[in-house]
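# Architecture and fold: a report
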Amino acid sequence: MNFTKFKENFFKKMKTLKIIGTKEEITIGKIFCLGRNYIEHVKEMKSDIPIQPIIFLKPQSAIIHDGEMIIKPKISNELHHEVELVVAISKKGKHIQKNDAFNYILGYAIGLDMTLRDLQSEAKKKGLPWTLAKGFDTSAPVSDIIPADKIQNPHNLTISCSVNGVIRQKSSTSKMIFTIDDIIEYVSSIFTIERGDLIFTGTPEGVGEVRPGERITAEIENHISISHLIGSE
């Protein structure tokens with residue numbers, strides 16, 4: 001197989017997201033996630049308020065699109081929902097200053113940081129990483145990307161999550177502890193960010209369990225929503 005054919009086959013396997021209002025799709029790169037970025041969620045988890053962003057990663061295989069099924073793995077008995085605003089990165093950067101951060105944003109999406117809470121709780125007790133609890137297949141449902149110029153103020157968006165039509169989480173991105181520009185400045189001080197990278201910016205209060213057979217819907221009010229049936233292995 002020649003290199004061109006190899007490259008075409010390789011990128012066919014990569015996950016992509018559509019950019020709304022265009023014919024363009026981007027290939028998803030690194031998936032950064034924030035923990036404990038809303039005060040009320042910190043309180044409900046009985047955790048300490050962080051003095052700097054808490055960052056973890058999900059693999060690209062965690063991504064699913066609107067309508068695809070979220071699968072609860074056999075290794076867990078407790079699957080939780082966490083609704084989040086997602087930031088899509090437009091270009092490569094390193095050591096980005098806060099006042100320049102918005103120049104690196106392609107757009108925004110709604111996402112779910114699905115979490116195996118029993119595994120996460122056990123990992124926390126033992127001081128172990130959260131990878132199994134956060135990075136399993138289908139743990140990162142995400143919508144198409146709303147171009148940045150279509151969102152007047154990303155720090156004044158209402159995000160929500162409902163299960164079987166009942167609201168579980170509803171809050172404003174104005175309540176983030178670390179703002180989007182704070183996050184980009186911090187993340188880029190450690191990692192090179194690149195076009196197609198995603199940042200899940202943390203979840204507000206109201207996280208809770210979902211079970212196979214239930215339907216979960218996440219929304220940026222007046223902009224976009226995604227909906228998924230919960231299944232199991």
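This text follows the structure it describes.
About the cut-offs
Residues numbered from 1 in each chain as written. Predicted model: local features only at pLDDT ≥ 70, side-chain atom pairs only at ≥ 80, totals over all residues. Heavy atoms only, no water. Helix = DSSP H or I, 4+ residues; strand = E, 2+ residues; numbered from the N terminus. Buried < 20%, exposed > 50% of the residue type's maximum accessible area, 1.4 Å probe, protein only. Core = buried A, V, L, I, M, F, W, Y, C linked by side-chain atoms within 4.5 Å. Contact = heavy atoms within 4.5 Å. Pairing = 2+ DSSP bridges.

Our next topic: unusual backbone geometry. Phi at Thr 138 is positive, roughly 75 degrees, even though this residue is not glycine. The topology assignment puts Thr 138 in the loop between helix 4 (131–134) and strand 11 (140–141). For Thr 138, a relative accessible area of 10% puts it in the buried group. The backbone of Asn 222 shows a phi angle near 70 degrees, a positive value even though the residue is not glycine. Its location among the elements puts Asn 222 in the loop between strand 17 (215–220) and strand 18 (224–232). You can call Asn 222 exposed: its relative accessible area is 71%.

Here is a general trend for soluble globular proteins: nonpolar side chains tend to be buried in one another's company. Leu 112, Ile 184 and Ile 216 are the most contacted members of the largest nonpolar core, which has 43 residues in total. For this core, the secondary-structure elements that each account for two or more residues are strand 3 (31–35), strand 8 (83–89), strand 9 (105–112), strand 13 (158–163), helix 5 (180–188), strand 17 and strand 18. Residue contacts for Leu 112: discarding those within four places in its chain leaves Ile 70, Glu 82, Val 83, Ser 139, Ala 140, Pro 141, Cys 161, Phe 200, Ile 216, Ala 218, Ile 226 and His 228.

Assignment of secondary structure puts Asn 37 in the loop between strand 3 and helix 2 (39–44). Setting aside its immediate chain neighbours within four residues, Asn 37 contacts Lys 175, Met 176, Ile 177, Phe 178, Ile 183, Thr 201 and Gly 202.

Mapping Gly 93 onto the fold places it in the loop between strand 8 and strand 9. Residue class for Gly 93 comes out buried when judged on its relative accessible area of 7%. The sequence separation of Gly 93 and Leu 132 amounts to 39 residues, and the corresponding C-alpha distance is 29 Å. Apart from residues lying up to four places away in sequence, Gly 93 is in contact with Tyr 104, Phe 191, Thr 192 and Ile 193.

Let us look at the pairing of strand 9. Of all eight residues making up strand 9, eight are buried, and the element is well covered by its neighbours. In terms of strand pairing, strand 8 meets strand 9 through seven bridges, oriented antiparallel. By the bridge assignment for strand 9, Val 86 is matched with Ala 109. As paired elements, strand 9 and strand 12 (residues 146–147) share two bridges and run antiparallel to each other.

Of the strand pairs in this sheet, strand 6 (residues 70–72) and strand 18 are connected by three bridges, and their pairing is parallel. Its bridge partner lying in strand 18, Ile 71 is registered against Gly 231. Direction of pairing for strand 17 relative to strand 18: antiparallel, over a ladder of six bridges. Within strand 18, the residue paired with Ala 218 across the bridge is Ile 226. Counted between consecutive antiparallel strands, the loop separating strand 17 from strand 18 contains three residues, among which Asn 222 sits at a positive phi close to 70 degrees.

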